[in-house]
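What follows is each chain in one-letter form.
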Amino acid sequence: MDFAAMMPLAGTLGVMIHEGSKERVAGKLLVQPEICTAGNIVHGGAIMAFADCLGAVGAFLTLPEGASGTTTIESKTNFLGAGPVGAMLVGEATPVKIGKRVSVWQTRIRTEEGAEVALVTQTQMVLWPA
């Protein structure tokens, strides 16, 4: 399944998701000038959106029977380092807790060289049909 294609923002940012399971979602994001802030480093909002895309895929894959979808209800980001233009960011989202009503996902973002960029924790709420 092409998860990035299901999320228009992922396509706009250039998010590539190459692994998706209930235990781990992994992807990459090339830092291009269009998603940078001053100093040619990736904008914090782009980092948060990258992490949210990965966590959302994990939450979707763990939806309970009968659920209609998921939405982010909380997100916290610790910025740990810079992602310079031209760098390939690598993200890995793993579940902290999966419940019937919410799931919590933690996403580590690093450069391909292994430098820490951010740690994001998000809570996804399960949506039920009306």
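For the structure, check the block above.
Only a predicted model underlies this, so the values are computations on that prediction, with no experimental measurement involved. (Residues numbered from 1 in each chain as written. Predicted model: local features only at pLDDT ≥ 70, side-chain atom pairs only at ≥ 80, totals over all residues. Heavy atoms only, no water.)

A. Looking closely at the pattern of salt bridges. One pass over the structure, following the stated rule, counts 5 salt bridges. Its salt-bridge partner being Glu112, residue Lys28 comes within 3.1 Å of it at the nearest N-O pair. Remark: Glu112 occurs in the loop between β7 (102–111) and β8 (116–127) and Lys28 occurs in strand β2 (residues 25–30); sequence separation between them is 84 residues. For Glu112, a relative accessible area of 47% puts it in the partly exposed group. Residues joined by salt bridges that share partners form a network here, namely Glu19, Arg24 and Glu92. (Salt bridge = Lys/Arg side-chain N within 4 Å of Asp/Glu carboxyl O. Helix = DSSP H or I, 4+ residues; strand = E, 2+ residues; numbered from the N terminus. Buried < 20%, exposed > 50% of the residue type's maximum accessible area, 1.4 Å probe, protein only.)

B. Examining the sheet that holds strand β5 (residues 69–79) more closely. What the 6 strands build is an open sheet, ordered β1-β2-β6-β7-β8-β5; its pairing is antiparallel. Each edge of the sheet is formed by a strand with only one pairing partner; in this case those strands are β1 (16–20) and β5. Neighbour-to-neighbour, the strand axes of this sheet turn through a mean angle of 20°, independent of strand direction. Each of β1, β2, β5, β6 (88–98), β7 and β8 touches helix α2 (residues 44–61); the most contacted strand, β8, lies at about 45° to it. (Pairing = 2+ DSSP bridges. Axes fitted to C-alpha atoms, helices over the stretch in contact; angles between N-to-C directions. Contact = heavy atoms within 4.5 Å.)

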